[in-house]
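# Breakdown of the fold
This is what each chain is made of:
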Amino acid sequence: MSGEEKILEVKNLKTYFFTNMGVVKAVDGGSFHLKKGQSLGIVGESGSGKSVTSLSILRLVPKPAGRIVEGKILYRGEDLVKKSQKEMRQYRGKKLFMISQDPMTSLNPVFNIGNQIGEAIRRRQNVKGNDLREKIIEMLKLVHIRSSENLIHAYPHQFSGGMKQRVMISMALACQPEILIADEPTTALDVTIQAQILKLMEEIRQKYNTSIILITHDLGVIAKFCEYILVMYAGKIVERADVKTLFKGNKHPYTRGLINSLPHLGKKQQRLSSIRGQPPDLLNLPAGCPFEPRCDYSIERCSHEYPPTESAGKGHLISCWRWREI
Amino acid sequence: MPRSSRIWVHMKNAPLGGLTILFLLVMAALFAEFIAPHSPIDQDITQALKVPFFLKGGTLSHLLGTDELGRDILSRIIFGARISLVVGFIAVAISGFIGTCLGLISGYFGGKIDSIIMRVVDVQLSMPYILIALALIGALGPSLRNIIIVIGITSWVDYGRVIRGEVLSVKENEFVDLAKIAGCSTYRILLKHIFPSVVNSLIVLGTLMLGRIIIFEAALSFLGLGVQPPTPSWGIMLADGRQYLTYAWWLATFPGLAIMLVVLGTNLVGDWLRDMLDPRQRAVVRGKR
Amino acid sequence: MKGEAILEAKNIKKYFLMGKEGIFSKKARMIKAVDGINFSLYKGQTFGLVGESGCGKSTIGRCILRLYRITDGEMLFQGKNIDIFDGKEKMQYHRDVQAVFQDPYGSLNPRMRVGEFIEEPMLVHGILNSRGRRERVKKLLEVVGLNADQARRFPHEFSGGQRQRICIARALSLNPKLLILDEPVSALDVSIRAQILNLLMDLQEEFGLTYLFISHDLSVVEHISDLVAVMYLAKIVEMAPCERIFKNPLHPYTQALLSAIPVPDPELAQEAIILEGDITDPITLEKGCPFRNRCFNASEECTEKEPKLIEVEPNHLVACLKIR
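Here the structure is a predicted model, which means the values were calculated and not measured.

## Re the overall build of chain B
In terms of helices and strands, chain B carries 10 helices and zero strands. The linear arrangement of helices and strands in chain B, starting from the amino end, is α-α-α-α-α-α-α-α-α-α. Dimensions of chain B, computed from C-alpha atoms along their principal axes, come out at roughly 75 × 50 × 30 Å. Here chain B, with 289 residues, has 41% of them falling under the buried criterion. Long-range pairs, those at least 24 residues apart, make up 71% of the contacts in chain B between residues at least 6 apart in sequence.

Take a look at the structure:
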């Protein structure tokens with residue numbers, strides 16, 4: 001499936017937001033890599049930093065409050081952090097494409113679908129007129145939308161959520177990106193539509209060998225779709241592993257607590273095990289490990305020193321003082 | 001994040017210029033008798049058309065010069081502040097009250113009532129306010145009391161529309177539904193749930209309207225429809241000073257500056273209040289799920 | 001297993017009129033949000049109502065709460081028709097039936113202290129005196145797992161999960177018999193959902209509450225429900241006790257729905273039944289089965305006849321022409 005070629009390497013990424021209330025360390029020292037054709041999942045809850053990670057890769061961190069203060073993002077050896085916005089435009093929409101949760105804000109409401117897909121196509125190739133129309137129809141077919149004159153001239157608001165996402169995916173296909181970042185692409189969609197979209201994304205990955213970074217809070221989607229997973233909490237990557245190891249052999253208290261707290265379809269339990277406490281307040285993070293206040297395994301050290309990242313073998317990395325005992 | 005430090009953050013950004021202007025305005029209005037160097041209505045033809053103190057021939061006893069009847073400009077401006085403020089506050093209160101009530105009713109109940117009220121708003125907005133003022137003053141007679149009433153009645157529409165818009169979005173919140181299923185009366189829902197959520201807009205709009213209403217008063221007085229001489233109003237001073245613009249420019253310029261500064265002040269303060277009271281400005285990063 | 005039925009919904013219909021065609025309106029568009037629903041809620045039990053967007057499940061909740069007036073049918077609470085309540089009965093009904101909604105941020109009045117917010121229903125019904133109410137608020141806060149001294153705080157000082165607890169405290173303040181829970185955990189972080197679900201289950205046991213649990217999340221519904229009904233486009237397509245529906249779903253839509261849910265277990269590689277197309281526009285429905293254009297079992301007769309909800313096995317009802 002995925003080759004050994006690393007096409008994206010993120011090294012010690014730190015993206016901070018400087019607000020009136022203080023500094024929010026949205027991403028605090030994240031490092032990972034992405035191989036060609038691989039499906040990488042980033043899972044986390046609110047405040048984990050998963051969305052900001054994807055925005056950082058695309059250099060779309062909202063200014064002036066947000067800034068990448070440290071780190072490298074190497075796309076095929078080129079450090080994206082050092083690029084200007086003008087240079088980034090050569091990457092965005094071509095080699096790097098992003099689909100977000102709400103296609104309503106990604107699709108321009110005043111242009112019809114044909115226009116928008118056409119624009120995506122023209123970024124890569126110079127086609128016009130009838131050739132362009134044929135390409136548009138081809139793109140729509142790839143996402144299983146039967147096109148017609150009416151459809152091409154229709155506007156985004158006339159489409160359902162699922163169809164809008166499919167249009168976004170067809171625009172992504174038109175750009176033939178190497179990396180597709182999907183930020184909660186199916187969260188707002190019904191389950192049956194979600195299944196369609198995920199299947200579509202997998203088809204694309206197989207067919208074009210596109211690497212996909214899937215960002216979500218839904219562990220079920222992650223289990224189904226991703227080969228390798230990063231678990232984020234309060235800006236830090238606390239555990240990472242291939243999908244099987246993460247679900248069956250996880251070693252970080254947060255990962256374990258999270259997976260255990262999910263109701264499993266088909267296995268009714270008396271009481272769900274849960275993680276105590278509240279989600280982290282990014283303005284008031286404790287020194288040391290941010291998960292410590294909610295952790296059942298915490299020791300003295302956890303409250304003032306953040307644990308180093310250690311390997312348990314085969315690409316399984318954990319940041320926890322006590323992972324060996326868990 | 002404790003609430004007090006949130007307020008402190010906004011205090012740091014307070015528009016000192018605007019607040020100072022408004023402070024001076026209120027002081028002038030309250031303590032005119034003690035601050036003003038002369039009486040605003042005392043005439044002294046021998047002192048007519050004296051230049052301001054910073055020009056050749058000016059004296060310190062008439063800092064901003066005198067008008068054609070020898071009345072001290074500075075004193076008239078200070079007393080004029082009282083008129084502007086009285087008209088401003090009372091008219092804002094009247095229009096705010098009418099506008100809020102109608103906006104609440106219109107937004108919350110919708111349907112026919114909403115249509116009727118909005119039609120009234122449209123009709124009123126289609127008529128130039130000067131004409132309405134002229135007609136009403138013509139019927140009631142020009143006086144301080146009457147222009148307050150006229151301004152109050154014509155200005156409510158701005159409130160009405162803004163408040164109605166706010167109500168439309170507030171009533172979509174689940175807490176309104178929860179109030180209904182708790183058995184709250186409509187009156188209680190409007191008073192305790194809807195109204196507190198629109199109070200912010202009310203305050204902000206109030207400060208912005210203050211400036212506009214002061215201009216409105218000046219305009220009406222300029223046209224002779226407002227306060228009558230010898231009561232000093234900035235509008236009347238503008239009117240009187242118009243004919244002397246070419247050689248005794250200070251008669252009209254200083255009252256004009258006063259109006260401009262007050263409106264600027266209210267706008268700055270209004271903007272700041274809006275930012276401070278807007279709950280979305282709370283700047284706590286809630287990450288996207 | 002079944003106790004007494006405290007709520008009976010008989011052939012409930014709720015239609016909405018959407019705008020008019022013009023000043024001289026020929027036909028205002030009618031949306032059939034709920035189109036002939038029958039079910040009963042039994043004391044002390046949880047009834048799970050599942051479906052995707054537009055199926056009408058939230059609308060039913062609102063009809064039960066009297067936020068909408070039903071277009072047709074009878075809704076009986078403890079034998080009495082809720083549509084014809086007089087003032088006193090209406091107030092009593094509000095004491096008996098409460099709700100918790102989906103959005104913890106929109107559910108709390110940002111300008112009210114949470115203590116006042118929890119107290120409000122008691123205030124409106126004239127229960128206890130001022131001091132008594134305050135005491136009860138403290139107790140309610142503790143019951144839902146918060147600190148009693150947080151009553152003076154404002155909503156923005158609380159997280160999403162804590163806000164839902166506050167909503168639950170308010171819902172309990174009048175000692176209700178029935179709670180309508182409309183997606184109560186869907187907007188919460190995953191790690192918090194388990195806390196709130198556990199709380200709800202504990203409260204149900206402690207106070208003998210009956211729940212109507214509305215959700216699109218089937219794994220949550222399976223965990224908490226005794227009886228489950230699946231809705232599609234304003235109708236119930238399948239209804240059965242919880243284990244039955246999840247172990248042996250009969251209706252094609254239920255089967256597709258269950259197979260589409262991604263299970264957080266990579267070893268259970270399920271092949272999802274992919275339904276083509278989107279959920280039909282509810283306005284353009286004519287005759288026949290509303291699911292026919294997406295159904296993998298559909299045939300000629302499905303476009304002609306509309307299936308009725310019938311009991312094909314003991315306690316297991318399905319609305320499908322193919323299943324007898």
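## Considering the nonpolar core
In terms of nonpolar packing, the biggest core is built from 192 residues, with A:Ile229, C:Leu212, C:Val230 and C:Ile236 touching the most fellow members. Once residues lying within four places of it in the same chain are set aside, the contact partners of A:Ile229 are A:Gly41, A:Val43, A:Ile222, A:Arg240, A:Ala241, A:Val243 and A:Leu246. In this structure, B:Ile147, B:Leu220, B:Val227 and B:Ala239 belong to the second largest nonpolar core, which totals 61 residues.

## Some remarks on the sheet that holds strand S5 (residues 80-81) of chain C
Residue and element names in this part refer to chain C. Taken together, the four strands give an open sheet; going across it, the order is S2-S1-S4-S5, and neighbouring strands pair in antiparallel fashion. The strands lining the two open edges of the sheet, one partner per strand, are strand S2 (29-42) and S5. Of the strand pairs in this sheet, strand S1 (residues 5-18) and S2 are connected by 11 bridges, and their pairing is antiparallel. Looking at the pairing, alanine 9 lines up with phenylalanine 39 of S2.

## Some words on the environment of B:Tyr244
Structurally, B:Tyr244 can be placed in the loop between helix H9 (234-242) and helix H10 (250-277). In this structure B:Tyr244 comes out as partly exposed when scored by C-beta crowding, with 15 C-beta atoms within 10 Å.

## Considerations on the sheet that holds strand S9 (residues 228-233) of chain A
Residues and elements named next belong to chain A. The strand order S6-S7-S8-S3-S9-S10-S12-S11 describes an open sheet built from eight strands, whose pairing is mixed. Two strands bound the open sheet, and with one partner strand each, they are strand S6 (96-99) and strand S11 (309-311). Direction aside, neighbouring strands of the sheet carry axes that sit 20° apart on average. Of the pairings in the sheet, the one linking strand S10 (residues 236-242) to strand S12 (residues 317-319) comprises two bridges and is antiparallel in character. Opposite glutamate 239, over in S12, you have isoleucine 318 as the bridge partner.

## Re the pairing of strand S2 (residues 22-35) of chain A
In the case of a regular strand, side chains alternate between the two sheet surfaces. Relative to S2(A), strand S1 (residues 6-19) of chain A is paired through 11 bridges, and the arrangement is antiparallel. Note on S2(A): the bridge partner recorded for A:Lys6 is A:Lys35.

## With respect to the packing of helix H3 (residues 73-109) of chain B against helix H6 (residues 144-170) of chain B
Residue and element names in this part refer to chain B. The interhelical angle for the contact between H3 and H6, taken along N-to-C directions, is 40°, at an axis separation of 6 Å. In terms of axis orientation, H3 runs oblique to H6. The crossing of H3 and H6 is right-handed. Looking at side-chain class alone, the contact of H3 with H6 contains 17 nonpolar, 10 polar and two charged residues.

## Some remarks on the interface of chain A and chain C
It is common to give the size of an interface as the accessible area that goes away when the parts come together. Each partner contributes residues to the interface: chain A has 39 residues there, and chain C has 33 residues. For the side of chain A that touches chain C, the secondary-structure elements that each account for two or more residues are helix H7 (161-175), helix H8 (191-208), helix H9 (219-225), helix H10 (243-248) and helix H11 (253-260) of chain A. Among the elements that make up the side of chain A that touches chain C, the one with the highest residue count is H8(A) (six residues).

## Some remarks on the packing of helix H3 (residues 114-124) of chain C against helix H4 (residues 130-143) of chain C
All names here are of chain C. Look at H3 against H4: their axes get within 9 Å of each other, and the N-to-C directions meet at 125°. As the angle between them shows, H3 and H4 are arranged oblique. In this structure, H3 crosses over H4, and the sense of that crossing is right-handed. The segment H3 lies against H4, with Gly115, Ile118, Glu119, Met122 and Leu123 engaging Arg133, Arg136, Val137 and Leu140. Tallied by class, residues from the contact of H3 with H4 come to five nonpolar, one polar and three charged.

What counts, and at which threshold
Residues numbered from 1 in each chain as written. Chains lettered and ligands numbered in written order. Predicted model: local features only at pLDDT ≥ 70, side-chain atom pairs only at ≥ 80, totals over all residues. Helix = DSSP H or I, 4+ residues; strand = E, 2+ residues; numbered from the N terminus. Buried ≥ 20, exposed ≤ 12 C-beta atoms within 10 Å, placed from the backbone. Contact = placed C-beta atoms within 7 Å. Core = buried A, V, L, I, M, F, W, Y, C linked by C-beta atoms within 7 Å. Pairing = 2+ DSSP bridges. Axes fitted to C-alpha atoms, helices over the stretch in contact; angles between N-to-C directions. Parallel < 35°, antiparallel > 145°, perpendicular 65-115°, else oblique. Left-handed = near helix turned anticlockwise from the far one by under 90°. Nonpolar A, V, L, I, M, F, W, Y, C, P; charged D, E, K, R; others polar.

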